[in-house]
Amino acid sequence: MQQESLSFLSSTLPPRNHHHYHHFPPFFSRLRLHNFPSLSFKPNTSSPSIFFTPNPPDSSLSSPSVAGTLESDIHEKLLYLDSLGIDFLALINRHPPLLSSPLSSLKSVVDYMTTPPINFSLPDLRRIVSMCPELLSSSLTSHTIPVITFLLREAGVDSTFDLRQALRRRPRLLACSVDLQLRPALYFLRGIGIAEPRRHTYLLSCSVEGKLRPRIDYFENKLGFSRRSASAMFKRFPQLFNYSIGENYEPKLGYLTGEMGRDAREVLEFPQYFSFSLENRIKPRHVACAAKGVRLPLAVMLRTKEDGFRDALEVHFVLNDSEELKRMKKPDVPALRFERGISLQCELVQWNEMRKIELELSSGCNSATT
């Protein structure tokens, strides 16, 4: 029934003219709702309705005037958002409170986000709303403006340009509570030494207890890193907070310490290890190194482009061969000393023998003379 309701609403839309989203049609103020098919608000007990819960029906909607007002409001919101290129039908499926949001509130939010100083373009607004439909139903004065103010004044976002960049990257910031989520996350990030959270505003939408703290705890409790070392690793590479413990940390650490035979503490110096694909980068390059008997530093093995990696692999392979040849050609000092000792002994024996012969000859000559 819900899908039928959505299809029925869709049929009331006038044809879109994508070239005129920046201009509101002048006939909106003179719109005659009887030109559009009427919406049915009769309770339907056979299946849930997108507009009403079947049990119990809201008696306040039985009045023709109330039903007509609601119908008019929905039509106006539908047409207004459609003129901006925003799919109202898709949004109410994801965020039903939009149905009860006054049109005046929607317009206030849109005007605030698309005029200076925020000044988002309509394509940007469409993308933000599609990812964060809560923006349109949130109170402008008690929610949206406080979020913007927090980002500019407390989080250290330098300018409205940087603000737009931050919201483009993470529209969900606009759905977060300043007191319950944004400010606690800011204090946590500063506490581990991230001095410029404005460069990582996307992390402010993360739960401290649900996401940020457990990731540091994993390296401390599971791997035995000190709290200071684990925090320093996240300070060096804050994107590490975005990765899953079960789907990223554990399989990659298992491969590092198992197949690669490396110490897990190597990630303290190169936490970017977790940003590389296990199947497409880490395993193939380790296999290539193992085939040549080469052990490259993690940063050299993974960060370099393919050509650079192959060059580094060949250079280290040649160097390893050279060291092996040197080791093979290097004389064994004790053996050399032993050989030299034998040689000296032989020379001494030979000298003694020759000296003895000389003495005998000399003695024979003297006897003959006498």
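Residues numbered from 1 in each chain as written. Predicted model: local features only at pLDDT ≥ 70, side-chain atom pairs only at ≥ 80, totals over all residues. Heavy atoms only, no water.

Under the annotation held in an unreviewed UniProt entry, the protein chain carries the name Transcription termination factor MTEF1, chloroplastic-like and is attributed to Raphanus sativus.

Student: Which parts of the structure should I look at to understand the overall build of the protein chain?
Tutor: Tallying secondary structure elements over the protein chain gives 17 helices and zero strands in all. Out of the 370 residues belonging to the protein chain, those deemed buried represent 36%. Once local pairs closer than 6 in sequence are excluded, the contacts in the protein chain between residues at least 24 apart make up 66%. Carbon and sulfur atoms make up 54% of the accessible area of the protein chain, which totals about 21,700 Å². (Helix = DSSP H or I, 4+ residues; strand = E, 2+ residues; numbered from the N terminus. Buried < 20%, exposed > 50% of the residue type's maximum accessible area, 1.4 Å probe, protein only. Contact = heavy atoms within 4.5 Å. Areas by Shrake-Rupley, 256 points an atom, 1.4 Å probe, with all protein chains shown as cover.)

Student: What is the right way to read unusual backbone geometry from this model?
Tutor: Both trends apply: most residues other than glycine have a negative phi, and most peptide bonds are in trans. Omega for the bond connecting P116 with P117 falls within 30 degrees of zero, at 10°, which places this linkage in the cis form. Within the fold, P117 resides in the loop between helix 4 (103-114) and helix 5 (122-131). Of note in this structure, N119 is not a glycine but carries a positive phi near 60°. Mapped onto the secondary structure, N119 falls in the loop between helix 4 and helix 5.

Student: Explain the nonpolar core here, please?
Tutor: With 86 residues, the main nonpolar core has L204, F219 and Y273 as its most contacted residues. No other element matches helix 9 (residues 178-191), which puts six residues into this core. (Core = buried A, V, L, I, M, F, W, Y, C linked by side-chain atoms within 4.5 Å.)

Student: How do you make sense of the environment of S226 when you look at a structure like this?
Tutor: For S226, the position within the fold is in the loop between helix 10 (208-222) and helix 11 (227-236). Residues S226 and I216, spaced ten residues apart in sequence, show a C-alpha to C-alpha distance of 10.0 Å.

Student: Can you walk me through the packing of aromatic side chains in this structure?
Tutor: To describe a pair of aromatic rings, you give the distance between the ring centres and the angle between the ring planes. In this structure the tally under the stated criterion is twelve aromatic pairs. Both rings, one in Y218 and one in Y249, keep their centres 5.7 Å apart while their planes meet at 40°; by these two values the pair is tilted. Within this pair, whereas Y218 is found in helix 10, its partner Y249 is found in helix 12 (residues 245-257), the two being separated by 31 residues in sequence. Across the pair, exposure class does not vary: Y218 and Y249 are buried alike. (Phe/Tyr/Trp six-rings, centres within 6.5 Å; stacked < 30°, edge-to-face > 60°.)

Student: What is the right way to look at the pattern of salt bridges in this model?
Tutor: Pairs may arise between side chains of opposite charge once their charged atoms sit close together. Going through the model one piece at a time under the given rule, you end up with 17 salt bridges. As a salt-bridge pair, R183 and E154 come within 2.7 Å of each other at their nearest N and O atoms. Taken together, the residues span a long stretch of sequence, with R183 in helix 9 and E154 in the loop between helix 7 (140-153) and helix 8 (160-169) at a distance of 29 residues. Here E196 ties to R199 by a salt bridge, and the two come within 2.5 Å at their closest N and O atoms. Exposure remark for E196: the relative accessible area of 36% places this residue in the partly exposed category. Through salt bridges with shared partners, one network takes in D158, E196, R198 and R199. (Salt bridge = Lys/Arg side-chain N within 4 Å of Asp/Glu carboxyl O.)

Student: Would you take a moment to explain the packing of helix 9 against helix 10 for this structure?
Tutor: Geometrically, a packed helix pair is captured by the angle between its two axes and the distance between the axes. Put simply, helix 9 and helix 10 touch, their axes get as near as 11 Å, and they point 15° apart. With respect to each other, helix 9 and helix 10 are oriented roughly parallel. When you trace helix 9 past helix 10, the crossing you get is right-handed. The segment helix 9 lies against helix 10, with P184, A185, F188 and L189 engaging V208, L212, R213 and I216. Split into classes, the residues belonging to the contact of helix 9 with helix 10 amount to seven nonpolar, no polar and one charged. (Axes fitted to C-alpha atoms, helices over the stretch in contact; angles between N-to-C directions. Parallel < 35°, antiparallel > 145°, perpendicular 65-115°, else oblique. Left-handed = near helix turned anticlockwise from the far one by under 90°. Nonpolar A, V, L, I, M, F, W, Y, C, P; charged D, E, K, R; others polar.)

Student: Is there a simple way to think about helix 11 in this case?
Tutor: Three or four residues apart is the spacing at which side chains of an α-helix point the same way, because the helix has 3.6 residues per turn. A230, S231, M233 and F234 are the residues of helix 11 that are buried. Projected down its long axis, helix 11 carries its buried residues within an arc of 155°, all on one side. The inward-facing, buried residues of helix 11 abut helix 10, helix 12 and helix 13 (266-269). (Arc of directions from axis to C-beta.)

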